[in-house]
Amino acid sequence: MERLERIWLGIWDRFATARKLQLVLLVLIIWLLVSLGVGVWWSSEPDRFDVVREASAQTTTGKPVTGTHTVATLITLGNTLLDKPGGYLSNDRLPPGIWLDNMPAWEFGVLVQMRDMGRSLRKSMSRSQSQSTEDPALAKAEPLLHFNNNSWILPSTEGEYRKAIHLLQDYADRLSDENQSNAQFYARADNLRDWLGDVSTRLGSLSQRLSASVGQRRVNTDLAGETGARQSTVSDTEIDVRTPWLEIDNVFYEARGTTWALLHLLEAVEQDFGEALDRKGARASLRQIIRELESTQSTLWSPMVLNGTEFGFLANHSLVMASYISRANAAIIDLRDLLAQG
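Quick caveat, the model's predicted, so the values are computed rather than measured.

### Remarks on the packing of helix α7 (residues 189–211) against helix α8 (residues 248–272)
Logical step 1: At a minimum axis separation of 11 Å, α7 and α8 run at an interaxial angle of 160 degrees. As summarised for this structure, α7 and α8 are arranged roughly antiparallel, according to the angle between their axes. Here the hand of the crossing between α7 and α8 comes out left-handed. Touching Leu192, Trp195, Leu196, Val199, Leu203, Leu206, Arg209 and Leu210 of α7 are Val251, Phe252, Glu254, Ala255, Thr258, Leu262, Leu265, Leu266 and Val269, all from α8.
Logical step 2: Grouping the amino acids of the contact of α7 with α8 by side-chain chemistry returns 14 nonpolar, one polar and two charged.

This is the structure in structure tokens:
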């Protein structure tokens, strides 16, 4: 009798252990499915916003003045970066954020455009000439935007960027206050041209990195155009360029973030620099750049970024993106030439 009881207890113990393992496995599966769903939701790209509406909402009087659209757009880009679904993901250390890499790449693309505009605001757009003093709020905000983009704590990236946004808001409030004159925005063609120079450099680099998804052997043109030019070390006359396979989707989504932010900034620039553009006959050129960049935001129906050969059976999303960006960059170069004319 006792032996039968021991056998029965042994069977029951094994059964209870199996039930516990099944329960743990079930909880793990549910957690993975929930994390997958949350990850998909967090990976969705934010919609576009109306720069004119944002400018009206962020002014103390509700009536935008020169420069309000550009500054308000920069602030909205920052708020979107921090407050979108999932928040800021580039410095996440826990699932599902730590598993995601496309959205952090998108965030970095947006951040680069914010940094370039923040620097342009500080060094030129808010100053009447090279010897004038810089705005104190912008002088503090610009280095904060250049803070490490993946710092988790002490201090956190979000905290530093939030401080920069508050300083930009302080500048925007003083800019729209008719009783204050210590904050200015100078919508001159030369200021716009300087900023577009930075934009062109960024787009040129992205276009090259996107095109390198299929690998290319390129002629080294580093010293082309000047016979007396020199460089630090000798390089080969031909170089192999290829984006690593695991980085192709990251470059693609960085380009998506860059062009998303740039679209809004160009729309804001059209509002603030309208008279300067009209004097140069350049408004249509700016609108064409916006039109080219809108194509970069088309829905990606494929579950992954495809990397087929140039004329192969499968699509190559990177080459399509590079085509749109190259055309926009060529139009920016033409626009800068128009702005430089007397």
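Picking up after the structure, the text goes on.
### Examining unusual backbone geometry
Logical step 1: Cis peptide bonds are those with omega within 30 degrees of zero, and the linkage from Pro95 to Pro96 qualifies with -5 degrees.
Logical step 2: Tracing the chain through its elements places Pro96 in the loop between α3 (68–83) and α4 (102–125).
Logical step 3: Following Leu154, the chain continues to Pro155 via a peptide bond in cis, the omega torsion being -15 degrees.
Logical step 4: Inspection of the secondary structure assignment puts Pro155 in the loop between α5 (136–145) and α6 (157–176).
Logical step 5: Located in the positive-phi region is Leu154, a residue other than glycine, with phi close to 55 degrees.
Logical step 6: Along the chain, Leu154 falls in the loop between α5 and α6.

### Some points on helix α11 (residues 317–340)
Logical step 1: The terminal C-alpha atoms of α11 lie 35 Å apart, and with 24 residues this matches the ideal 34 Å at 1.5 Å per residue to within 8%.
Logical step 2: Turning to α11, its buried residues number three or more, namely His317, Ser318, Met321, Ala322, Ile325, Ala328, Asn329, Ala331, Ile332, Leu335 and Leu339.
Logical step 3: On its buried face, α11 sits against α7, α8, α9 (274–279) and α10 (283–294).
Logical step 4: The residue sitting at the N-terminus of α11 and contributing the capping side-chain oxygen is Asn316; that oxygen lies 3.1 Å from the backbone nitrogen of Ser318.

### Considerations on α5
Logical step 1: Most of α5 is tucked away: seven of the 10 residues are buried.
Logical step 2: Where α5 is concerned, the buried positions are Ala137, Leu138, Ala139, Ala141, Glu142, Leu144 and Leu145.
Logical step 3: At its buried positions, α5 is contacted by α4 and α6.
Logical step 4: Where α5 begins, one side-chain oxygen reaches toward the backbone nitrogen of Ala137, 3.0 Å away; that side chain belongs to Asp135.

### Points about the nonpolar core
Logical step 1: Grouped together as the largest cluster of nonpolar side chains are 71 residues, with contacts concentrated most on Trp195 and Leu266.
Logical step 2: If you list the elements that add at least two residues to this core, you get α3, α4, α5, α6, α7, α8, α10 and α11.
Logical step 3: Per-element tally for this core: the top contributor is α8, with 12 residues.
Logical step 4: Once you skip the residues sitting within four places of it in the chain, Leu266 turns out to touch Trp195, Leu196, Leu286, Ile289, Ile290 and Leu293.

### Things to note about a nonpolar patch on the surface
Logical step 1: On the surface, Leu25, Leu28, Ile29, Trp31, Leu32, Leu33, Leu36, Val40, Ile98 and Trp99 cluster together into a nonpolar patch covering about 1000 Å² of accessible area.
Logical step 2: One can find Leu28 in helix α1 (residues 2–42).
Logical step 3: Given the relative accessible area of 42%, Leu28 is considered partly exposed.

### What to know about the pattern of salt bridges
Logical step 1: Inspection of the entire model under this criterion finds 21 salt bridges.
Logical step 2: The closest approach of N and O atoms between Glu134 and Arg122, which form a salt bridge, is 3.0 Å. Here Glu134, found in the loop between α4 and α5, pairs with Arg122, found in helix α4; they are 12 residues apart in sequence, far enough to count as distant.
Logical step 3: Note on Arg122: relative accessible area 21%, which makes it partly exposed.
Logical step 4: In this structure, the salt-bridge partner of Arg174 is Asp135, at a minimum N-O distance of 2.9 Å. On the criterion of sequence distance, the pair formed by Arg174 in helix α6 and Asp135 in the loop between α4 and α5 is long-range, its members being 39 residues apart.
Logical step 5: Residue Arg174 is classed as buried on the basis of its relative accessible area, which comes to 10%.

Thresholds applied
- Residues numbered from 1 in each chain as written.
- Predicted model: local features only at pLDDT ≥ 70, side-chain atom pairs only at ≥ 80, totals over all residues.
- Heavy atoms only, no water.
- Axes fitted to C-alpha atoms, helices over the stretch in contact; angles between N-to-C directions.
- Helix = DSSP H or I, 4+ residues; strand = E, 2+ residues; numbered from the N terminus.
- Parallel < 35°, antiparallel > 145°, perpendicular 65-115°, else oblique.
- Left-handed = near helix turned anticlockwise from the far one by under 90°.
- Contact = heavy atoms within 4.5 Å.
- Nonpolar A, V, L, I, M, F, W, Y, C, P; charged D, E, K, R; others polar.
- Expected span 1.5 Å × (residues − 1).
- Buried < 20%, exposed > 50% of the residue type's maximum accessible area, 1.4 Å probe, protein only.
- Polar contact = N/O pair within 3.5 Å; in protein donor to acceptor, adjacent residues only side chain to side chain.
- Core = buried A, V, L, I, M, F, W, Y, C linked by side-chain atoms within 4.5 Å.
- Patch = residues over 30% accessible without salt bridge, like charges linked within 9 Å, V, L, I, M, F, W, Y side chains within 5 Å.
- Areas by Shrake-Rupley, 256 points an atom, 1.4 Å probe, with all protein chains shown as cover.
- Salt bridge = Lys/Arg side-chain N within 4 Å of Asp/Glu carboxyl O.

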